[in-house]
Amino acid sequence: MKRSQINALVEKSMDFMLGNSFYLPEWAYWDRERWLKEAESCSRIFELQLGWDLTDFGSGNFNQRGLILFTLRNGIPGSGGKGYAEKIMIVGRKQETPYHFHWHKREDIINRGGGRLVFQLHGSTVAEELSDKPFDIYIDERKYRIGAGEYVELSPGQSLCLERGVYHRFFAEDGDVLCGEVSDVNDDVNDNRFLDAPGRFPDIEEDEAIRHLLVGDYAGLEGGSL
Ligand SMILES: [Fe+2]
């Protein structure tokens, strides 16, 4: 993805979140110069990979298949630190996050406002393919039995618990959705089993200066190359 597109998407997301009265930490709005100035006090933010993150899942078409998110809190697996994580995401209308499951992370996905959030769900087999068996899900702790591949919709305020090993893909209908995630510790490097998406982190073409750092930019900041 081009840096110009990333800069613009982060700015659009800031506006959308503020428009939904969702406020981020002060450093969410810092530019590159401020990060360079404050870096010494921010090692924990870098270590936990908190902040802006986006992906097109290797599709080359962010609007069709992509996601922008901000990780608010997290831990490091097995470190004895925080055992929980929180993200805020924007799911665009008809913008797909493709089928994946997590081996270790159980997550509640919450529609915090906007349009309807639509999931398609499947159990997984021992070989980590789609299962054809029905299974139970919980929406705000109410139990529902669904068939393999069934669609489930969340209106603003509703949340769905995604157990480990449950394949999920999702997109928004009617309008963009401000989407929360409360979960076990999040490890995007080792804990995503994608069914057919080639990648989680985008290759970036630096066609203009960085205005907003992504979590993937912290290494360059700490290494002095940014
Ligand atoms: Fe997930």
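I will try to describe carefully the structure that is included in this document. (Residues numbered from 1 in each chain as written. Predicted model: local features only at pLDDT ≥ 70, side-chain atom pairs only at ≥ 80, totals over all residues.)

1. Some thoughts on the overall build of the protein chain
- The helix and strand tally for the protein chain stands at 4 helices and 11 strands.
- Whereas a compact globule of 226 residues would reach a radius of gyration of roughly 17 Å, the protein chain reaches 17 Å, a difference of no more than 12%.
- Once the C-alpha set of the protein chain is aligned to its principal axes, its extents read approximately 55 × 40 × 30 Å.
- Considering the protein chain as a whole, with its 226 residues, one finds that 31% of them fall into the buried category.
- Long-range contacts, defined here as pairs at least 24 residues apart, represent 73% of the contacts in the protein chain between residues at least 6 apart. (Helix = DSSP H or I, 4+ residues; strand = E, 2+ residues; numbered from the N terminus. Rg over C-alpha atoms; globule rule 2.2 N^0.38 Å. Buried ≥ 20, exposed ≤ 12 C-beta atoms within 10 Å, placed from the backbone. Contact = placed C-beta atoms within 7 Å.)

2. Side note on unusual backbone geometry
- Backbone geometry at Glu128 places phi at a positive 65 degrees, although glycine is not the residue there.
- Tracing the backbone through its elements, the reader meets Glu128 in the loop between β5 (107-122) and β6 (135-139).
- Positive phi is not limited to glycine here, since Glu141 has a value of about 65 degrees.
- Relative to the helices and strands, Glu141 is located in the loop between β6 and β7 (142-146).

3. Regarding the environment of Gly147
- You can see Gly147 is positioned in the loop between β7 and β8 (151-154).
- Given 11 C-beta atoms within 10 Å, Gly147 falls into the exposed group.
- Through-space distance from the C-alpha of Gly147 to that of His122 is 7.9 Å; in sequence the pair is 25 residues apart.

4. Some points on the environment of Ser155
- In this fold, Ser155 is placed in the loop between β8 and β9 (159-162).
- Accessibility expressed as a C-beta count within 10 Å gives 11 for Ser155, which makes it exposed.
- Residues Ser155 and Arg193 lie 38 residues apart in sequence; the distance between their C-alpha atoms is 27 Å.

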